[in-house]
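Descriptive analysis of the structure
So the chains spell out like this:
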Amino acid sequence: PTSAQVSVVPHSGRFCYTLDNDLLSTEQRQFYEDNGYLLIKKLVSDEDIERFRKEFMRICKREVKPPGVMIMKDESLRSRFGQSEKVVNKVQDFQEDEELFRYCTLPEVLKYVECFTGPNIMAMHTMLINKLPDSDKQTFLHPMHQDLHYFPFRPASRIVCAWTAMERAHQDNGCLVVQPGTHKTALKPHGYPTWEGKTNKLFHGLLEEDEKIPKVHLVMEKGDTVFFHPLLIHGSGINRTSGFRKSISCHFASSECHYIDVKNTTQEHLEKELEEMVHKKYNATSVELKDIWNFRARLVQGERINL
């Protein structure tokens, strides 16, 4: 199907969103089927997390400049803090930084990813988020959204996000908030929130939010990793502490997924925005959405087929 509105339901049977293997227990599979996410405790080692933290600091200080990386900053803080972690909110598209990209190749992460994607795995979208201490403006609140809104490839059931806490994440420092079971719904219209102070570039949110659906705050310890479906509605609150809440994540997809045309769908305005950003950054004359994703994507296991 080419419409972004179509919710692709995989093969019928007891388990629609996970694949048969010996890793997940029946209870774990059922939890993901019902809720759209699965939390694995202490999956990534402290040693690896500290290596990722050091590389993030080097990028903040401009000691390394990985090609293609997008560094999102709070420009209002630069005059006070200069080039430091106190300014950088997010490092995105780090697929060309070999040290951070190690996260996407960790065997302990990939063995779980394979439960959702199958053996041919692409790393499609990478982020290290550094949630800064926030003000009443709620600048770094990420409104509730579905990640599939950003992705022009399907089927949704063969895409999964791995999100690892780099320190304890809780309500006070803006942990992930999920609405369990919403992965069974279709992709909903997204856009920029209309209220003041919450219009971060590409931080799209649901245009209509159902407040009746319960929300769960995912309190996570350092190294805990949550795997979640791209249609699961989620977001994160503001960081009310004086520290920085870091996490590292990657969206993985089966290389057997296929690109779709997002014209005349709810994703069309996002396509235009992304293309404009690439034109501006690289002075590229004609770039299609598929080209942008081909640049971001890297094979991490198996064979590269469609993506």
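Right, let's walk through the structure included here. Because the structure is predicted, anything quoted here is derived from the model rather than measured.

Conventions adopted
Residues numbered from 1 in each chain as written. Predicted model: local features only at pLDDT ≥ 70, side-chain atom pairs only at ≥ 80, totals over all residues. Heavy atoms only, no water. Core = buried A, V, L, I, M, F, W, Y, C linked by side-chain atoms within 4.5 Å. Buried < 20%, exposed > 50% of the residue type's maximum accessible area, 1.4 Å probe, protein only. Helix = DSSP H or I, 4+ residues; strand = E, 2+ residues; numbered from the N terminus. Contact = heavy atoms within 4.5 Å. Phe/Tyr/Trp six-rings, centres within 6.5 Å; stacked < 30°, edge-to-face > 60°. Lys NZ or Arg CZ within 6 Å of the ring centre and 35° of its normal. Expected span 1.5 Å × (residues − 1). Arc of directions from axis to C-beta. Salt bridge = Lys/Arg side-chain N within 4 Å of Asp/Glu carboxyl O. Disulfide = S-S within 2.5 Å.

1. Topic: the nonpolar core
By size, the foremost hydrophobic cluster in this structure holds 40 residues, and its most contacted members are Val91, Tyr103, Cys104, Val109, Phe227 and Phe252. Contributions of two or more residues to this core are made by strand E1 (37–40), helix H2 (46–60), strand E3 (88–92), helix H4 (98–105), helix H5 (107–117), strand E4 (121–131), strand E7 (159–165) and strand E14 (245–254). Sort the elements by how many residues they give to this core and H5 lands first, with 6 residues. Setting aside residues no more than four positions away along its own chain, Cys104 makes contact with Phe94, Leu110, Ala123, Thr126, Cys250, Phe252 and Val300. Counting residues in hydrophobic clusters, the runner-up holds 24 residues, among them Tyr150, Leu231, Cys257 and Val278.

2. What to know about the packing of aromatic side chains
The way to describe two aromatic rings as a pair is by their centre distance and the angle between their planes. Across all of its chains, the model carries 9 aromatic pairs by this definition. On the basis of an interplanar angle of 90° and a centroid distance of 5.3 Å, the ring pair of Phe31 and Tyr37 is categorised as edge-to-face. Judged by relative accessible area, Tyr37 falls into the buried class, the value being 8%. Within the aromatic cluster, the residues linked to one another by ring pairs are Tyr32, Tyr112, Phe116 and Phe227. Just above the ring of Trp293 sits the side chain of Arg296; from NZ or CZ to the centre is 4.5 Å. Positioned above the aromatic ring of Phe101, the side-chain terminus of Arg298 is 4.1 Å from the ring centre.

3. With respect to unusual backbone geometry
Here the residue pair Arg154 and Pro155 is connected by a cis peptide bond, since its omega of 5° sits within 30 degrees of zero. Along the polypeptide, Pro155 turns up in the loop between strand E6 (153–154) and E7. The phi dihedral of Lys42 falls on the positive side, at around 50°, and the residue is not glycine. Assignment of secondary structure puts Lys42 in the loop between E1 and H2. One non-glycine residue, Arg62, lies in positive phi territory at about 65°. Mapped onto the elements, Arg62 comes out in the loop between H2 and strand E2 (70–73). Accessibility expressed as a relative area gives 44% for Arg62, which makes it partly exposed.

4. Observations regarding H2
With 15 residues, H2 should reach 21 Å at 1.5 Å per residue; the first-to-last C-alpha distance of 21 Å fits that figure. Within the span of H2, buried status applies to Asp48, Ile49, Phe52, Arg53, Glu55, Phe56, Ile59 and Cys60. The buried residues of H2 occupy one face: seen down the axis, they fall within an arc of 165°. Seen from the open side of H2, the exposed residues pointing more than 90 degrees away from its buried face are Glu47 and Lys54.

5. Concerning H5
Buried residues of H5: Val109, Leu110, Tyr112, Val113, Cys115, Phe116 and Thr117, and no others. A positive phi of about 90° marks Gly118, the residue just after H5.

6. Comments concerning the pattern of salt bridges
Tallied over the full model, the rule gives 17 salt bridges. With a shortest N-O distance of 2.8 Å, Arg29 and Asp20 are connected by a salt bridge. On the basis of relative accessibility, which here comes to 7%, the residue Arg29 falls in the buried class.

7. Describing the state of the cysteines
On inspection of all chains with the given rule, the structure shows 0 disulfides. The thiol of Cys104 is not disulfide-bonded; the next cysteine sulfur, from Cys250, is found 3.6 Å away. Here Cys161 stays unpaired: no disulfide links it, and the sulfur of Cys250, its closest cysteine neighbor, is 7.5 Å away.

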